[in-house]
Amino acid sequence: MLATEAVVDLAAVRTNVGRLKSGTSAEVLAVVKADGYGHGLVPSATAALAGGATWLGVALLDEALALRAAGIEAPVLAWLWTPAESEALARALIAGIDIGVSSTTALAAVVAAVRATGSAAQVHLKIDTGLSRNGATPADWVELVAAAATAQAARELEVTGVWSHLACADVPGHPSIAGQIADFRAAIAVAEAAGLRPQVRHLANSAGTVNVPEAHFDLVRPGVAIYGLSPIPQLGDFGLVPAMTLRAQLALVKDVGADAGVSYGHTYRTSSATRLGLVPLGYADGIPRAASNVGPVSIRGQRFTISGRVCMDQFVVDVGRLAVASGDVVVLFGPGRDGEPLAQDWADAIGTIHYEIVTRIGARVPRTYLGAEAPG
C-alpha cells in the first residue's frame, strides 16, 4: 500500500445505490458533489450509474462540466451558481446540463445564456419549503413560475423539474417534514396551473429516501447514503456499506519513558514507559485538529486513540507495549468489518457529522479504487 491512502470500494457504491433503488419506485439521482463526498467525482458517478442511478447531481457548474468532460452522458443537475458565472453557465447549457433556478434573476441569466449560445436550457425550479437556504420563497414562487412559463412558451427553455429540499428528514417524525411535503405539493399545483408539466418532481435527500416514502415523488436524491454512511445513524445502517477506508503506514516507532510530553503543548503525557507510533496524516490532509486526544484508530486489530495534538502533517499514537514497526498499517476508519473505527465513530468523537469526516480528506491523500467494473 501507499504511505497514506483512501481506499474507495466502488462495488460498495454500486451496491448502496442498488439497495436505495430497490426501496422506491422513483428514479435515483446520485449526488456526487464535493468530489463525490471525497470519494472521487467521476469514479463515484460511474459506479452510481452502474448501480442503477439514472441522474447525477452536483452543486457547481464546474463539477457538472467535469462529468461531461469524462464522457458521462447521463442527465446531470447543477444547482449552486452565481450570475458572475455566465461563461460556465453557457458551457453548461451547450453540454446539456440541467440547471437549478431559484429566482427570477437566475432565470433571466439562463435566458440570456440561451440567447447567447442558441442552446435551449433545461431548468429545475426550486421552491423553498422551509430550509430557508436556496429556492424561491412561496411569496416569490408565483412570479418565478410565470416567468418560466413565458420562457418555455418562447422555446427558450424547458422546465424539466420542480424541487425542494428537506430540512429535518434525519429526525424521524419531525413536524416540519409533513409541512414541507404539503408546501411542495402546493408549489407543484401552482406550476401545473401555469401550464408547466415537469418531468421530475423531487424532494427527498438521503434521509428522505430511506425513511420518508411519501416524499419520493418522481426522483430521490441520495447523497451520503450512496457512500454507505447512514443518513439517520440512530436508526441503524439501513444495510449500507461504507465505501471509504482511510489508512496510513507508521512512519516511525520509538520507545519513550514515563511522563514524556507528546506533540505540541504536551496535552498528552505518557503514564509509563511506552511505545509511540507516528502517523503521517494531519490537518492538511483533512484530519480534524479537534480529534486531538480523542480520534480513534486501529493498529494490528487493536483500538487506540490519538495521543496529543493533531499536527499539520502527522499525529502520534501511544500503543503501549504493542509490537509495532515502521510500515505497519494504521486504519483511521473503514467499513468496520475488521473492528476498525467507522467514520461515524470519528464524528461522535469530535461532535460533528460523518459527512464532514469523509469530505474533508484532502487531495494530498491518494485515492485507491477497488471494485471497478471491467470496461465493455
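Let me sum up the structure you'll find in this document. Note that the coordinates shown come from a computational prediction; the quantities given were computed from them, not determined experimentally.

1. Some details on the sheet that holds strand β17 (residues 315-320)
Now for step 1: Spatially, the 3 strands line up as an open sheet ordered β11-β14-β17, and their pairing is antiparallel. Either end of the sheet is taken by a strand with one partner, and the two such strands are β11 (252-256) and β17. For this sheet, the mean angle separating the axes of adjacent strands, direction not counted, is 30°.
Now for step 2: The pairing of strand β14 (residues 274-279) with β17 spans 5 bridges and is antiparallel. Across the sheet, residue Val279 finds its bridge partner in β17, namely Phe315.

2. Concerning helix α10 (residues 343-350)
Residues that lie three or four places apart on an α-helix share one face, since the helix turns once every 3.6 residues.
Now for step 1: Residues of α10 that are buried include every one of Ala343, Gln344, Trp346, Ala347 and Ile350, and no others. Across the axial projection of α10, the buried residues extend over an arc of 160°, all falling on one side.
Now for step 2: The inward-facing, buried residues of α10 abut β15 (296-299), β18 (329-333) and α11 (354-359).

3. Observations concerning unusual backbone geometry
Now for step 1: Here the phi dihedral of Arg155 falls at roughly 60°; this positive angle occurs in a residue that is not glycine.
Now for step 2: Relative to the helices and strands, Arg155 is located in the loop between α7 (138-153) and β7 (157-163).
Now for step 3: The class of Arg155 is exposed, set by a relative accessible area of 76%.
Now for step 4: Despite not being glycine, His266 has its phi angle at roughly 50°, a positive value.
Now for step 5: With respect to the element layout, His266 can be found in the loop between β12 (261-262) and β13 (268-269).
Now for step 6: For His266, a relative accessible area of 41% gives the class partly exposed.

4. Section: helix α1 (residues 10-22)
Now for step 1: For α1, built from 13 residues, the straight-helix expectation of 18 Å at 1.5 Å per residue is met to within 8% by its first-to-last C-alpha distance of 18 Å.
Now for step 2: Residues of α1 that are buried include every one of Leu10, Ala12, Val13, Arg14, Asn16, Val17 and Leu20, and no others.
Now for step 3: Contact partners of the buried residues in α1: β1 (4-9), β2 (27-31), α3 (41-50), α9 (206-211) and β19 (367-370).
Now for step 4: Here α1 starts with a cap whose side-chain oxygen sits 3.0 Å from the backbone nitrogen of Ala11, and that cap is Asp9.

5. A closer look at the packing of aromatic side chains
Now for step 1: Counting across every chain of the model gives 4 aromatic pairs.
Now for step 2: Aromatic side chains Tyr37 and Tyr355 sit 6.4 Å apart centroid to centroid with 35° between the ring planes, which places their arrangement in the tilted category. Linking Tyr37 in helix α2 (residues 33-37) with Tyr355 in helix α11, this pair joins segments that are 318 residues apart in sequence.
Now for step 3: Using a relative accessible area of 8% as the deciding quantity, one classes Tyr37 as buried.
Now for step 4: What links up through ring pairs into an aromatic cluster is the set Tyr37, Tyr227 and Tyr355.

6. Observations concerning the side chain of Ser292
Now for step 1: With respect to the secondary-structure elements, Ser292 resides in the loop between β14 and β15.
Now for step 2: A relative accessible area of 17% places Ser292 in the buried class.
Now for step 3: Separated by 2.7 Å, the side chain of Ser292 and the backbone oxygen of Arg289 make a polar contact.
Now for step 4: With residues near it in sequence (within four places) discarded, Ser292 still touches Ile306, Gly308, Arg309 and Val310.

7. Some points on the packing of helix α4 (residues 61-69) against helix α5 (residues 86-94)
Now for step 1: Packing of α4 against α5 leaves a shortest axis separation of 10 Å and a crossing angle of 35°. The element α4 and its partner α5 pack so that their crossing is left-handed. Contact with α4, carried on its side by Leu61, Asp62 and Leu65, involves Ala88, Leu89, Arg91 and Ala92 of α5 and no other residues of that element.
Now for step 2: Its residues assigned to classes, the contact of α4 with α5 shows 5 nonpolar, no polar and 2 charged.

8. Observations concerning the pattern of salt bridges
Now for step 1: On inspection of all chains with the given rule, the structure shows 11 salt bridges.
Now for step 2: Of the charged contacts in the structure, one is a salt bridge between Asp259 and Arg269, with a shortest N-O distance of 2.9 Å. On the criterion of sequence distance, the pair formed by Asp259 in the loop between β11 and β12 and Arg269 in strand β13 is long-range, its members being 10 residues apart.
Now for step 3: For Arg269, a relative accessible area of 40% translates into the label partly exposed.
Now for step 4: Among the salt bridges present, the one from Arg300 reaches Asp328, with a minimum N-O distance of 3.0 Å.

9. Some remarks on the side chain of Asp318
Now for step 1: Relative to the helices and strands, Asp318 resides in strand β17.
Now for step 2: There is a polar contact of 2.6 Å between the side chain of Asp318 and the side chain of Tyr268.
Now for step 3: Sequence-distant contacts of Asp318, that is, excluding residues within four places in its chain, are made with Tyr268, Thr270, Thr274, Arg275, Leu276, Phe304 and Ser307.

10. What about the sheet that holds β15?
Now for step 1: Pairing is mixed across the open sheet formed by 6 strands, whose spatial order is β16-β15-β18-β10-β1-β19. In this open sheet, the two strands that pair with only one neighbour each are β16 (302-305) and β19. With direction set aside, neighbouring strand axes in the sheet form an average angle of 30°.
Now for step 2: Pairing of β1 with β19, which is carried by 4 bridges, proceeds in the parallel orientation. If you follow Asp9 over to β19, its bridge partner there is Leu370.
Now for step 3: Running at roughly 35° to β1, α1 makes contact with β1 and β19 of the sheet.

Rules used in this analysis
- Residues numbered from 1 in each chain as written.
- Predicted model: local features only at pLDDT ≥ 70, side-chain atom pairs only at ≥ 80, totals over all residues.
- Heavy atoms only, no water.
- Pairing = 2+ DSSP bridges.
- Helix = DSSP H or I, 4+ residues; strand = E, 2+ residues; numbered from the N terminus.
- Axes fitted to C-alpha atoms, helices over the stretch in contact; angles between N-to-C directions.
- Buried < 20%, exposed > 50% of the residue type's maximum accessible area, 1.4 Å probe, protein only.
- Arc of directions from axis to C-beta.
- Contact = heavy atoms within 4.5 Å.
- Expected span 1.5 Å × (residues − 1).
- Polar contact = N/O pair within 3.5 Å; in protein donor to acceptor, adjacent residues only side chain to side chain.
- Phe/Tyr/Trp six-rings, centres within 6.5 Å; stacked < 30°, edge-to-face > 60°.
- Left-handed = near helix turned anticlockwise from the far one by under 90°.
- Nonpolar A, V, L, I, M, F, W, Y, C, P; charged D, E, K, R; others polar.
- Salt bridge = Lys/Arg side-chain N within 4 Å of Asp/Glu carboxyl O.

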